[in-house]
Amino acid sequence: MKYSVTTVCLPALDMAQQAALLQGLGFDGVELRVRRVSDEVRAKAEPSSWGYHVNDVTPENFAEKAPAIRQILSDHGLSLAGLATNMTCLDLEQFKHALDGAVAAGAPFIRLAAAAGYTGKDGENYWSIYGETVAGYARCLELTKGSGVKLVLEMHGGTIHPSASLAYRILSQFSSSAVGVIYDPQNMVKDGFETPALALSLLGDYLAHCHFGAHRPFPGDKDAKGTAQWKWEACSMAEGLFNFPLIIKLLQKQQYSHFITIEDFRANIAPELKLAEGIQYLRSLEGQA
C-alpha cells in the first residue's frame with residue numbers, strides 16, 4: 001500500500017517542511033491542497049486547515065510553483081498523489097488554472113466537486129444538481145483529454161454523493177479511465193453509510209483514491225420528545241466506526257494500487273504524532289491473515 005497525507009492537515013508548514021516531515025514518518029506521497037484564499041483570510045495571523053496556509057498554493061500560482069514542488073518532492077522521495085481542491089465542476093476558469101498546474105506538477109488527479117452541495121433545505125433539488133454536475137464534468141473532461149489527469153469526486157456529507165453508490169451514479173456516465181471516486185469512509189459516518197465490501201465491489205475500476213480518518217458517534221442531549229441527538233467526534237482509526245482491518249483486507253483483495261491519504265483533523269494533537277500513529281496503524285494491518 002502507498003500512503004500519503006493531505007497538506008490540508010499541515011497549514012503551518014511550508015512545502016519543504018511538509019516533505020521533510022512526511023519523509024521522516026515513512027510516507028510515500030503528498031496530496032497537495034490547491035485552493036483560493038481571500039485576502040481577508042490570508043491576513044489572519046494563524047494558519048488553519050481551512051484558511052490560510054504557509055504553503056500557499058492556488059489554482060492561479062500553481063503552474064509557476066510546480067517546478068519547485070516537483071523538485072522538493074523528488075528530493076524527499078515523495079510522489080504527488082493528487083490535488084485537494086474545493087472548486088466545483090462549473091468553475092471552468094479556476095479549473096483551467098488548476099489543470100495547467102496539475103500537468104506541470106505531474107499530478108494524477110484533481111478533486112472536483114459537484115455543481116452544488118445538498119443539505120435537504122427547501123429549494124434544493126437532487127435532479128437539478130445531478131444534471132448540472134454531469135454536464136459540468138463533461139465540459140471539464142473535454143479539457144483534460146490527453147493530459148493524463150483524472151477527475152475525482154469525493155464521497156462527502158452535505159452533497160448528492162455521500163456514498164459510493166451515489167458517487168458512482170454520477171461518474172458511471174463517463175469512462176473510469178477519465179474519472180474516479182475518492183472512497184472516504186470517514187465522511188460516511190453520519191451521512192451515506194455503506195458497508196465496505198458492498199461499496200468497494202460497486203466502485204471497481206472507478207476507485208481512484210482513498211481518504212482515511214475516523215469519527216465515532218456519541219449521544220448528546222435529548223430533545224423535547226426524548227429523542228437522542230447524536231453527535232460525532234474525531235478519533236483514531238482504531239477507535240472509529242469503520243472497520244479498517246477489513247477495509248485494508250478488501251483493498252488488498254482488489255489489488256488496489258493507488259494512494260491512501262490520511263486525513264486527521266483532531267485538534268490539540270501535534271501533526272507529527274497523529275500522522276505517525278496513523279501510518280503505523282495502517283501498515284500494521286497489511287500483514288494480517
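Residues numbered from 1 in each chain as written. Predicted model: local features only at pLDDT ≥ 70, side-chain atom pairs only at ≥ 80, totals over all residues. Heavy atoms only, no water.

Peer 1: So what's going on with helix α9 (residues 271-285)? Residues and values would help.
Peer 2: Along its 15 residues, α9 runs 22 Å from first to last C-alpha, staying within 8% of the 21 Å computed at 1.5 Å per residue. When α9 is considered as a whole, its buried residues turn out to be K274, L275, A276, G278, I279, Y281, L282 and L285. Buried positions along α9 lie against β1 (2-6), α1 (15-25), β7 (207-212), α8 (244-253) and β10 (259-262). (Helix = DSSP H or I, 4+ residues; strand = E, 2+ residues; numbered from the N terminus. Expected span 1.5 Å × (residues − 1). Buried < 20%, exposed > 50% of the residue type's maximum accessible area, 1.4 Å probe, protein only. Contact = heavy atoms within 4.5 Å.)

Peer 1: Any details on unusual backbone geometry? Residues and values, ideally.
Peer 2: Of note in this structure, Q255 is not a glycine but carries a positive phi near 55°. When its relative accessible area of 70% is taken as the criterion, Q255 is described as exposed.

Peer 1: Just give me the short version of the side chain of R266, but keep the residues and values in it.
Peer 2: In this structure, R266 sits in the loop between β10 and α9. Exposure remark for R266: the relative accessible area of 13% places this residue in the buried category. A polar contact is formed between the side chain of R266 and the side chain of E277, at a distance of 2.6 Å. Beyond its immediate stretch of four places on either side in the chain, R266 contacts A234, C235, S236, K274 and E277. (Polar contact = N/O pair within 3.5 Å; in protein donor to acceptor, adjacent residues only side chain to side chain.)

Peer 1: Tell me about the packing of aromatic side chains, and name the residues and values.
Peer 2: As enumerated under the stated definition, the model contains 8 aromatic pairs in all. For the pair Y126 and Y130, a centre-to-centre distance of 5.8 Å together with 20° between the ring planes defines the contact as stacked. Placement of the pair is Y126 and Y130 together in helix α5 (residues 126-144), with a separation of 4 residues, close to one helical turn. Three or more aromatic residues joined by ring pairs make a cluster, and in this case those are Y126, W127 and Y130. Looking at R169, its charged tip hangs above the ring of Y130, at a distance of 4.8 Å from the centre. (Phe/Tyr/Trp six-rings, centres within 6.5 Å; stacked < 30°, edge-to-face > 60°. Lys NZ or Arg CZ within 6 Å of the ring centre and 35° of its normal.)

Peer 1: I'd like a description of the packing of α1 against α9, backed by residues and values.
Peer 2: Taken N-terminus to C-terminus, the directions of α1 and α9 make an angle of 40°; their axes are 10 Å apart at the nearest point. The angle between the axes of α1 and α9 places the two elements in the oblique class. Considering the relative orientation of α1 and α9, their crossing is right-handed. From α1, L21, L22 and L25 reach across to α9, where they touch E272, L275, A276 and I279. Residue composition of the contact of α1 with α9, by class: 6 nonpolar, no polar and 1 charged. (Axes fitted to C-alpha atoms, helices over the stretch in contact; angles between N-to-C directions. Parallel < 35°, antiparallel > 145°, perpendicular 65-115°, else oblique. Left-handed = near helix turned anticlockwise from the far one by under 90°. Nonpolar A, V, L, I, M, F, W, Y, C, P; charged D, E, K, R; others polar.)

Peer 1: Lay out the environment of P271 in plain terms, naming residues and giving numbers.
Peer 2: You can see P271 is positioned in helix α9. Assessed through its relative accessible area of 27%, P271 is described here as partly exposed. Taking the C-alpha atoms as reference points, P271 and L21, separated by 250 residues in sequence, lie 9.3 Å from one another. Look past the residues within four positions of P271 in its chain and what remains in contact with it is C9 and L10.

Peer 1: Tell me about the pattern of salt bridges, and name the residues and values.
Peer 2: Tallied over the full model, the rule gives 10 salt bridges. Between R111 and E154 there is a salt bridge; the shortest N-O distance is 2.4 Å. Here R111, found in strand β4 (residues 109-111), pairs with E154, found in strand β5 (residues 150-154); they are 43 residues apart in sequence, far enough to count as distant. Across the salt bridge formed by R216 and E239, the nearest N and O atoms sit 3.7 Å from each other. Here R216, found in strand β8 (residues 215-222), pairs with E239, found in the loop between β9 (228-234) and α8; they are 23 residues apart in sequence, far enough to count as distant. Overall, E239 belongs to the partly exposed group, its relative accessible area being 47%. (Salt bridge = Lys/Arg side-chain N within 4 Å of Asp/Glu carboxyl O.)

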